[in-house]
Amino acid sequence: MKRLALGLGVAVVAGAGIAFAVTSPRPVAAERLDAIAAIDGDAAAGETLFWAGGCASCHAAPGAEGDAKLMLSGGVRLASDFGTFVAPNISSDPEAGIGGWSIADFANAMLAGVSPRGEHYYPAFPYTSYTRMNDRDIADLFAFFKTLPSSDVASLPHQIGFPFNIRRSLGGWKFLFFSDQPHVTLGGPDTEIARGQYLVEGPGHCGECHTPRNLIGGFVSDAWLSGAQNPDGEGVIPNITPGSKSIGGWSKSDIAYYLESGFTPDFDSAGGSMVDVQKNMAKLTSGDRDAIAAYLKALPKRDNGWE
Amino acid sequence: MKFRTLFAAALIGAAGFAPAIAADEPQVVRQEMMKKVGGATGAMAKMVKGESEFDAAATLAALTTISEVAATFGNYFPEGSETGMETEAAAAIWSDRAGFEAAIAKFKADADAGIAAAPADLDGLKAAFGPLTKNCGTCHETYRQKKS
């Protein structure tokens, strides 16, 4: 009996130790942070990443258009099964925004989902995709953020229920689902497809909406970009693999033209949250839009992820 | 024998009648209307892209089609047509009727402005096409929700 109690006690302590280790926020390795800090960031190149990454779609004020999209005062609300997330102020204001951040703070947020205070971010902030970005792009994007205006609008708290309101628990989620590895392995080296893969799986974070998730918010395996229930409202987010009954029949140039103009081959248009995403994609170079299209055409066929 | 005749009559009736009903459903009517807009938009887009020659008459015809559709499009969203027939109409059409009607009115006004300007060359078409087709995404962002 005594031995059993001792055994249980050891197991509980060991379990707690493992849980503590697993849920502990892990910033980017010091050597990589140093390498990023050593890069002289190019703000003009960073602007392309800003649009590719869709930063303004969540962090500009709701409904902002034109130059107002560069004022990242936050406030867009993202409804989900776990509660409502409110995008924070990430303008250059040193108090209300991220103007006081170092490049290391920025890299830890983007690549590791860890805040300057050492806490986990919720993956509503798609660091789960941004983690695939390279050092140069992180440095360039940070340089562009430095050029943006400041707003003193205070960030609002997320409205998240128990147990998801315990940030530490996100360590367990990250342990299960957070990885910087490619989502698909495509045969043969092709620089255009590789560029498309980088844009889609990294900064573009297309899979965050276009891939179905399980009950605790991890991606369903073998369903990459196969479409999903709309997390933020009615309807679905389309399947964008060659297995899609709609988009699967589009040519590479159809996809590129859609990203440029918002028009489908039938001259229907983008709708829902894709309207804003398409406007962002229109700011990329035609070469980058072609690369995204090439990657989507090269994906394995998948049945609709929401069915 | 009698049952068989009735059954056959019912089958023929269903086959003949069902499509007739479907074609009158507001969901189907409005889908066909949007397809007409897509066709008109495509005709102009091909000229804008340089895939076809600028054609003043075809441009005017396309703008007129869009104006005519926009004039009555809002009439085909009665209560009870929120679902069915693969409609992609968003609930916001019924919860924000005024906003929806205003979006259609703006679409018609932009088409009518294009007709009034009567584009005589490609630059004229581009000047009408840009503002007009901005309405597509603006309206679909709120009032259309993909179902597949």
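Residues numbered from 1 in each chain as written. Chains lettered and ligands numbered in written order. Predicted model: local features only at pLDDT ≥ 70, side-chain atom pairs only at ≥ 80, totals over all residues. Heavy atoms only, no water.

Labelled according to an unreviewed UniProt entry, chain B appears under the name Cytochrome c, originating from Hoeflea alexandrii.

An unreviewed UniProt entry lists chain A under the name C-type cytochrome, with Hoeflea alexandrii given as the organism.

A separate point is unusual backbone geometry. Residue and element names in this part refer to chain A. Of note, the bond from Phe162 into Pro163 is cis; its omega dihedral lies within 30 degrees of zero at 0°. Assignment of secondary structure puts Pro163 in the loop between strand E3 (159-160) and helix H8 (170-177). Notably, His205 is not glycine yet its phi reads approximately 40°, a positive angle. Looking at the element boundaries, His205 is found in the loop between helix H9 (191-201) and helix H10 (207-210). (Helix = DSSP H or I, 4+ residues; strand = E, 2+ residues; numbered from the N terminus.)

The next subject is helix H13 (residues 286-298) of chain A. Residues and elements named next belong to chain A. Helix length check: H13, at 13 residues, gives a terminal C-alpha distance of 18 Å against a target of 18 Å (1.5 Å per residue), a fit within 8%. Along H13, the residues that are buried comprise Asp288, Arg289, Ala291, Ile292, Ala293, Ala294, Tyr295 and Leu296. Looking at the buried positions of H13, the neighbouring elements they touch are helix H3 (43-52), H9, helix H11 (252-261) and helix H12 (274-281). (Expected span 1.5 Å × (residues − 1). Buried < 20%, exposed > 50% of the residue type's maximum accessible area, 1.4 Å probe, protein only. Contact = heavy atoms within 4.5 Å.)

Quick look at the domain arrangement of chain A now. Residue and element names in this part refer to chain A. Segmenting chain A into domains produces domain 1 (27-177) and domain 2 (191-298). One C-alpha centre belongs to domain 1, the other to domain 2, and the line joining them spans 22 Å. Contacts between the two partners involve 25 residues from domain 1, matched on the other side by 23 residues from domain 2. Roughly 1900 Å² is buried in total at the junction of domain 1 and domain 2, and carbon and sulfur atoms are behind 54% of that figure. Run the count over domain 1 and domain 2 and you get 2 salt bridges. Salt-bridge contacts for Lys69 lead to Asp276; the nearest nitrogen and oxygen are separated by 2.5 Å. Elements represented by at least two residues in the side of domain 1 that touches domain 2 include exactly H3, strand E1 (77-80), helix H6 (127-130) and H8. Of the residues assigned to the side of domain 1 that touches domain 2, the class counts are 12 nonpolar, 8 polar and 5 charged. (Domains from an automatic or database assignment. Buried area = accessible area lost by both parts, 1.4 Å probe. Salt bridge = Lys/Arg side-chain N within 4 Å of Asp/Glu carboxyl O. Nonpolar A, V, L, I, M, F, W, Y, C, P; charged D, E, K, R; others polar.)

Once that is clear, we can look at the interface of chain A and chain B. You'll often see interface size given as the accessible area lost when the parts meet. Contact residues are listed per partner, giving 17 residues for chain A and 20 residues for chain B. Contact with chain B buries area across many residues of chain A, yet Glu234, Phe263 and Phe267 of chain A alone supply 35% of it, more than any other trio. We note a salt bridge from Arg144 of chain B to Asp268 of chain A, for which the minimum N-O separation is 3.1 Å. Summed over the shared surface of chain A and chain B, the number is 7 residue pairs in polar contact (both at pLDDT 80 or more). Residue composition of the side of chain A that touches chain B, grouped by class: 8 nonpolar, 5 polar and 4 charged. (Polar contact = N/O pair within 3.5 Å; in protein donor to acceptor, adjacent residues only side chain to side chain.)

Of note, Phe162 of chain A is situated in the loop between E3 and H8. Of the residues examined, Phe162 of chain A reaches a relative accessible area of 66% and is grouped as exposed.

All names here are of chain A. Bridging between E1 and strand E2 (residues 83-86) involves 4 bridges; their strand directions are antiparallel. By the bridge assignment for E2, Leu78 is matched with Phe85. Counted along the chain from E1 to the antiparallel partner E2, the turn is 2 residues long. (Pairing = 2+ DSSP bridges.)

It is worth spelling out the UniProt feature "domain: Cytochrome c" (unreviewed entry) in chain A at this point. Residue and element names in this part refer to chain A. In the numbering adopted here, UniProt assigns the feature "domain: Cytochrome c" (unreviewed entry) to residues 41-149 and 191-300. In residues 41-149, helix accounts for 38% and strand for 7%; the two terminal C-alpha atoms are 18 Å from one another. Within the segment residues 191-300, helix and strand shares are 42% and 4% respectively, and the terminal C-alpha atoms sit 18 Å apart. (UniProt positions renumbered as here; feature names shortened; annotations may be inferred.)

Turning our eyes to something else, we now look at the pattern of salt bridges. Tallying each qualifying case throughout the model produces 15 salt bridges over all chains. A salt bridge links Lys279 of chain A to Glu65 of chain A; the shortest N-O distance between them is 3.5 Å. Here Lys279 of chain A is found in helix H12, whereas its partner Glu65 of chain A is found in the loop between helix H4 (55-59) and E1, with 214 residues between them in sequence. Residue Glu65 of chain A is classed as partly exposed on the basis of its relative accessible area of 48%. Of the charged contacts in the structure, one is a salt bridge between Glu101 of chain B and Arg97 of chain B, with a shortest N-O distance of 3.3 Å.

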